[in-house]
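# Residue-level structural notes
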Amino acid sequence: MANITKKVSWSSRTDESAAAWEGTPLLNGSEQHSRQLSGGGTIFQIGRLSTVDLEEEITPEEDSARGRPKEIPHNEKLLSLKYESLDYDNIENQLFLEEERRMSFMSFRCLEISRWVICGLIGFLTGLIACFIDIVVEELAGIKYQVIKENIVKFTEMGGLSISLILWAVLNSSFVMVGAIMVAFFEPIAAGSGIPQIKCYLNGVKIPRVVRLKTLVVKVCGVICSVVGGLAVGKEGPMIHSGAVVAAGVSQGRSTSLKRDFKIFEYFRRDTEKRDFVSAGAAAGVSAAFGAPVGGVLFSLEEGASFWNQMLTWRIFFASMISTFTLNFFLSIYHNKPGDLSSPGLINFGRFESESVAYNLYEIPLFIAMGAIGGFLGALFNILNYWLTIFRIRYVHRPCLQVMEAMLVAAVTATVSFTMIYFSNDCQPLDQDHAEEYPLQLFCADGEYNSMATAFFNTPERSVRSLFHNQPGTYNPLTLGLFTLTYFFLACWTYGLAVSAGVFIPSLLIGAAWGRLCGILLASITSEGSIWADPGKYALIGAAAQLGGIVRMTLSLTVIMMEATGNVTYGLPIMLVLMTAKIVGDYFQEGLYDIHIKLQSVPFLHWEAPATSHWLTAREVMSSPVTCLNKIEKVGTIVDILSNTSTNHNGFPVVVQVSNSDEPGKLCGLILRSQLIVLLKHKVFVELAQSRLTHRKLQLKDFRDAYPRFPPIQSIHVSQDERECMMDLTEFMNPTPYTVPQETSLPRVFKLFRALGLRHLVVVDDVNRVVGLVTRKDLARYHLGKHGLEELQLAQT
């Protein structure tokens with residue numbers, strides 16, 4: 001294959017930029033040109049990009065002067081250049097090796113104990129946050145529904161129920177407005193469930209502001225407002241995000257937002273350790289949400305962490321156990337049942353008794369068919385939400401518009417709910433031991449309640465529980481069918497709003513409704529159906545099928561459902577249902593989280609390289625020419641390279657220059673932008689070191705203190721005399737970076753890069769001269785499309 005000339009090199013691309021993530025991909029209008037690959041026959045397009053200094057803040061005056069476009073053009077076949085990669089690979093320079101040699105066996109044991117202590121703290125704090133959310137939501141929702149119920153009862157007798165509708169809509173919109181304002185104006189990254197962002201973070205992508213304290217505060221307050229505001233949302237996704245933020249903060253022993261350093265856990269101030277703790281935080285969030293410690297570990301493994309080891313598994317399980325225990329302990333105190341730790345978690349599905357959930361082998365095909373239905377409905381949900389998200393990206397990008405849309409959805413949700421309840425004639429007898437929290441009589445006879453109100457006039461978690469456990473005959477088929485149809489579209493419209501919200505519970509509620517409907521229909525068409533077709537049993541299967549069809553989880557969701565319901569009887573059916581839902585759903589569309597990752601143009605690396613990419617080599621995918629530094633480099637040269645806004649590289653191969661300057665130098669190491677900035681800040685120059693009698697040697701602590709918010713190069717003052725000084729990089733560079741020959745195939749490069757969690761992979765020739773550099777975006781831009789192997793465009797978004 002002929003050599004491919006890069007039309008866009010990394011000298012005109014931003015490798016790892018530190019831009020703040022606004023959540024709205026923006027494709028700069030740029031020229032496009034294509035290149036034809038010999039032998040492949042596929043035309044690849046690469047964007048010629050205008051470059052900007054992403055470290056410079058835009059003043060409000062400049063922003064208003066530029067104005068915002070009414071429509072933001074968006075193309076899903078692009079890859080954003082604004083995302084940085086995380087460094088999962090340790091920099092084994094001389095400072096690191098010297099520190100490791102000084103550490104005794106006892107020091108390493110203390111570090112291991114510290115890891116367990118941090119995981120315990122993560123679980124404890126995550127459980128506290130979950131308890132706070134649960135109590136506040138329960139209190140506020142109770143007050144809201146009680147006020148509306150009293151108003152409805154009053155105006156049912158007097159007439160004028162439209163006032164009750166207006167009250168319901170106003171209360172919903174008010175709560176949602178508060179949550180949307182916090183998200184849209186103060187912390188946009190807190191929108192949604194946060195699971196796609198955490199998934200990207202654990203994959204090795206640094207999503208700006210995703211694990212900040214401010215994000216946590218907005219997330220917690222936002223999800224309370226969303227749930228109390230009556231939106232078709234859940235609180236499980238935000239709990240996973242909250243756990244990850246807690247983990248990122250606790251493990252560092254300081255708060256950069258509060259500018260407080262507690263001088264503890266300093267050894268863990270690096271991406272390698274931080275990502276492991278974030279995995280534990282995500283698992284603790286799942287455990288607190290569902291009371292599923294094992295499910296939390298499996299969720300973190302299946303959906304989150306890209307890197308795993310045995311000890312990490314046990315630490316994550318420990319964090320999950322502590323999280324569940326903490327939540328249940330404090331909830332038992334709140335409910336005046338101290339010592340009762342039987343509550344399954346933040347989202348209580350209730351316990352399924354063994355005799356009521358037994359199933360027969362001849363029901364397995366029915367369950368598999370329900371899995372196929374769930375996969376199809378999940379794919380439909382994802383397709384509709386995909387086009388809705390594209391519309392939002394293009395037209396609803398202003399914060400004020402985002403708040404208005406959220407309020408509109410809240411008002412429409414209240415209106416639809418009220419209308420469905422108003423016109424429903426599904427009246428059920430009200431027993432003394434009824435499980436309904438806020439039963440509405442409306443136009444039903446005395447001693448009866450409106451069954452439609454049980455589904456709509458409630459928090460989503462309570463509605464799921466009623467569908468699982470209410471006695472047969474509680475709902476008629478028309479009620480369940482209308483509820484499924486309306487709630488499906490409401491949940492699809494709601495996901496993606498500028499509010500903190502999860503999709504687990506709405507998915508379970510939709511599936512539980514049509515699953516219970518299936519159970520009722522089976523019981524009605526067979527003579528013995530009433531014996532084996534228990535509606536609650538089929539509601540459970542439908543809930544699993546619908547959620548699996550939307551998010552495409554299998555193993556972890558099976559365990560979560562078993563732990564949340566307190567019964568292992570349905571392990572096999574749920575697993576079969578989830579596998580079927582995933583297979584059917586994947587045939588039509590990707591999972592919801594993968595769709596939103598792609599829409600955000602994140603350079604996400606999947607487990608394997610594209611299947612048809614073996615004919616591509618490192619020479620054809622690498623970035624070149626590469627900006628290299630000498631082992632002893634002039635300070636002025638380093639400052640100019642770091643200040644060059646057209647490159648903005650984050651990694652620089654260190655070379656030994658040969659006599660002919662036109663030839664590439666031989667590789668002897670690799671150094672990062674962050675390291676160079678710390679060296680410039682501390683003025684580690686050869687001349688100054690020789691002139692000082694007592695010069696403090698730079699230590700790893702100096703680099704850890706600057707982590708993770710390294711100062712921009714513009715804040716480093718270097719005088720004209722200092723520019724003439726020299727800097728010796730030998731002690732600070734990584735002398736053993738990973739390298740590959742330029743003839744290495746793309747799948748081999750991908751496997752090495754992905755498995756080791758690399759940020760830079762140097763490509764060398766047969767005499768170890770640097771010829772190129774492979775980064776995350778070089779690999780992520782290749783994907784398997786409908787027409788074979790395709791290459792995504794690169795854009796400054």
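Scroll up for the structure.
This is a predicted model, so every value here is computed, not measured.

### Observations concerning the environment of Phe710
In this structure, Phe710 sits in the loop between α26 (700-706) and α27 (720-723). The exposure class of Phe710 is partly exposed, given its relative accessible area of 27%. As for Phe710 and Ile677, which are separated by 33 residues in sequence, their C-alpha atoms are 7.6 Å apart. Not counting residues within four places of it along the chain, the set of residues in contact with Phe710 comprises Ser674, Val678 and Phe703.

### Let's talk about the environment of Ile135
Mapping Ile135 onto the fold places it in helix α3 (residues 105-158). Separated by 199 residues in the primary sequence, Ile135 and Tyr334 have C-alpha atoms spaced 8.1 Å apart. Filtering out sequence-adjacent residues up to four positions away, Ile135 remains in contact with Leu331 and Tyr334.

### Comments concerning helix α19 (residues 555-565)
For α19, the tally of buried residues reaches 9 of 11 residues, placing the bulk of the element in the interior. Where α19 is concerned, the buried positions are Ser556, Leu557, Thr558, Val559, Ile560, Met561, Met562, Ala564 and Thr565. Note on α19: the residue one or two positions beyond its end, Gly566, has a positive phi of about 70 degrees.

### Concerning the packing of aromatic side chains
Centre-to-centre distance and the angle between the planes together describe a pair of aromatic rings. Applying the stated criterion to the full structure yields 25 aromatic pairs. Judged by centre distance (6.4 Å) and plane angle (45 degrees), the rings of Phe265 and Phe268 are tilted. Accessibility classification places Phe265 together with Phe268 in one group, the buried group. Geometrically, the ring pair formed by Phe325 and Phe329 is stacked, given 6.2 Å between the ring centres and 15 degrees between the ring planes. Of this pair, Phe325 and Phe329 both sit in helix α10 (residues 310-334), 4 residues apart, which is roughly one turn of the helix. By relative accessible area, Phe325 is classed as partly exposed at 47%.

### Concerning the pairing of strand β16 (residues 761-764)
Burial along β16 is two-sided: the residues Leu761 and Val763 and Val762 and Val764 are all buried. Pairing of strand β15 (residues 739-741) with β16, which is carried by 3 bridges, proceeds in the parallel orientation. The partner of Thr739 across the bridge, within β16, is Val762. Relative to strand β17 (residues 770-774), β16 runs antiparallel, the two sharing 4 bridges. Residue pairing in the sheet places Val764 in a bridge with Val770 of β17. The antiparallel hairpin formed by β16 and β17 contains 5 residues in its connecting segment, where Asn768 sits at a positive phi of about 65 degrees.

Reading the values: rules and limits
- By convention here, each chain's residues receive numbers from 1 onward along its written sequence.
- Predicted model: local features are reported for residues with pLDDT of at least 70 only, side-chain atom pairs are reported and counted for 80 or more only, and whole-chain, interface and lining totals are derived from all residues.
- Computation of side-chain values: all heavy atoms of the structure, hydrogens and water removed.
- Numbering of helices and strands runs from the N terminus; a helix is a DSSP stretch of H or I covering at least four residues, while a strand is a stretch of E covering at least two.
- Only protein chains enter the calculation, and the probe is 1.4 Å; a residue is then buried if its accessible area is under 20% of its type maximum, exposed if over 50%, and partly exposed in between.
- By the convention used here, residues are in contact when the closest approach between their heavy atoms is within 4.5 Å.
- Under the pairing criterion, centres of Phe, Tyr and Trp rings, with the six-membered ring standing for Trp, must be within 6.5 Å; the plane angle then separates stacked pairs below 30 degrees from edge-to-face pairs above 60, leaving the rest tilted.
- Between any two strands, pairing holds if DSSP finds at least two bridges.

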